[in-house]
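# An overview of the molecular structure
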Amino acid sequence: MKQTSALTGQVFVDGVPVPAASPLKVECHNLGGIDSSHPTISTALTGEDGKFEISTYKSGDGVPAGEYALTFVWGKMNLLAANYGGPDQLGGAYSDPKTSKFKITVVDGEPNDLGKIELVSKKSSKQKK
C-alpha cells in the first residue's frame, strides 16, 4: 500500500455547488501511467455543497504522490441498485484525462485543497449571455 496525501475540493456547475442528492464523480488519472506493480484508482463522489475527498484505499484517505489529471462526470445515483452511472449531464466535456485542464501535483505528506472548481454545463454554454 502506498502512502497517500489528502486531496479535497468543491465543485460548482454554472456557479452553483453540486447538490448532494445528485453527486458528481471526480477521478484522478496518473499522468505517469498506471503503476503495473501497485495499480490504484483514486476517486470520489461529491457530497454536501459539492465538496469531495478523494479516496484510494479507504474513504477520504487521498492519493499517492504523483502528477494527475482530474476528470468530472455528472451521472445519477441509483439508490435501489446502489450504483452510479447514466448519461453525463456535462456532455463529456470534462471526462477525458488527455484534454483535462485540471492538472495537479501531489507531494507525499502534503494535504491538497483544490478549493472551488468551476465547471460549465452544456446547457449553460448554449445560452446567450
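Described below are features of the structure shown in this document. Model, not experiment: these values are computed from the prediction.

This next bit is on the sheet that holds strand β4 (residues 42-45). On the basis of which strands lie adjacent, the open sheet formed by four strands has the order β4-β3-β6-β9 and antiparallel pairing. Each end of this open sheet is capped by a strand with a single partner; those strands are β4 and β9 (103-106). Taken over all neighbouring pairs, the strand axes of this sheet differ in orientation by 30° on average, direction set aside. As judged from the six bridges shared by strand β3 (residues 25-30) and strand β6 (residues 66-73), these two strands associate in the antiparallel manner. Looking across to β6, one finds that K25 is bridged to V73.

Grouped together as the largest cluster of nonpolar side chains are 21 residues, with contacts concentrated most on V11, L24, I54, F72, L90 and L119. Of all the elements in the fold, those that place two or more residues in this core are β1 (7-13), β3, β6, β9 and β10 (112-119). Each residue touching V11, except ones within four places of it in the same chain, is listed here: V16, P17, V18, L24, V26, T46, D49, G50, F52, F72, I117 and L119.

This model, assessed by the stated rule, comprises two aromatic pairs. Ring centres 5.3 Å apart and planes at 80° place the aromatic pair F72 and F102 in the edge-to-face group. In this pair, F72 is assigned in strand β6 and F102 in the loop between β8 (83-85) and β9, connecting sequence segments 30 residues apart. Given a relative accessible area of 21%, F102 falls into the partly exposed group. Look at Y94 and F102: their rings are 6.3 Å apart centre to centre, the planes differ by 50°, and that puts the pair in the tilted class. Judged by relative accessible area, Y94 falls into the buried class, the value being 13%. In textbook terms, an aromatic cluster arises when at least three aromatic residues are bridged by ring pairs, as seen for F72, Y94 and F102. Directly above the ring of F12 sits K116, whose terminal nitrogen or CZ lies 4.4 Å from the centroid.

Let us now look at unusual backbone geometry. One non-glycine residue with positive phi stands out, namely D14, at about 55°. For D14, the position within the fold is in the loop between β1 and β2 (16-17). The backbone of D49 sits at a positive phi, close to 60°, despite the residue not being glycine. Tracing the backbone shows D49 in the loop between β4 and β5 (51-53).

About the cut-offs
- Residues numbered from 1 in each chain as written.
- Predicted model: local features only at pLDDT ≥ 70, side-chain atom pairs only at ≥ 80, totals over all residues.
- Heavy atoms only, no water.
- Pairing = 2+ DSSP bridges.
- Helix = DSSP H or I, 4+ residues; strand = E, 2+ residues; numbered from the N terminus.
- Axes fitted to C-alpha atoms, helices over the stretch in contact; angles between N-to-C directions.
- Core = buried A, V, L, I, M, F, W, Y, C linked by side-chain atoms within 4.5 Å.
- Buried < 20%, exposed > 50% of the residue type's maximum accessible area, 1.4 Å probe, protein only.
- Contact = heavy atoms within 4.5 Å.
- Phe/Tyr/Trp six-rings, centres within 6.5 Å; stacked < 30°, edge-to-face > 60°.
- Lys NZ or Arg CZ within 6 Å of the ring centre and 35° of its normal.

Keep in mind these values describe shape, not function.
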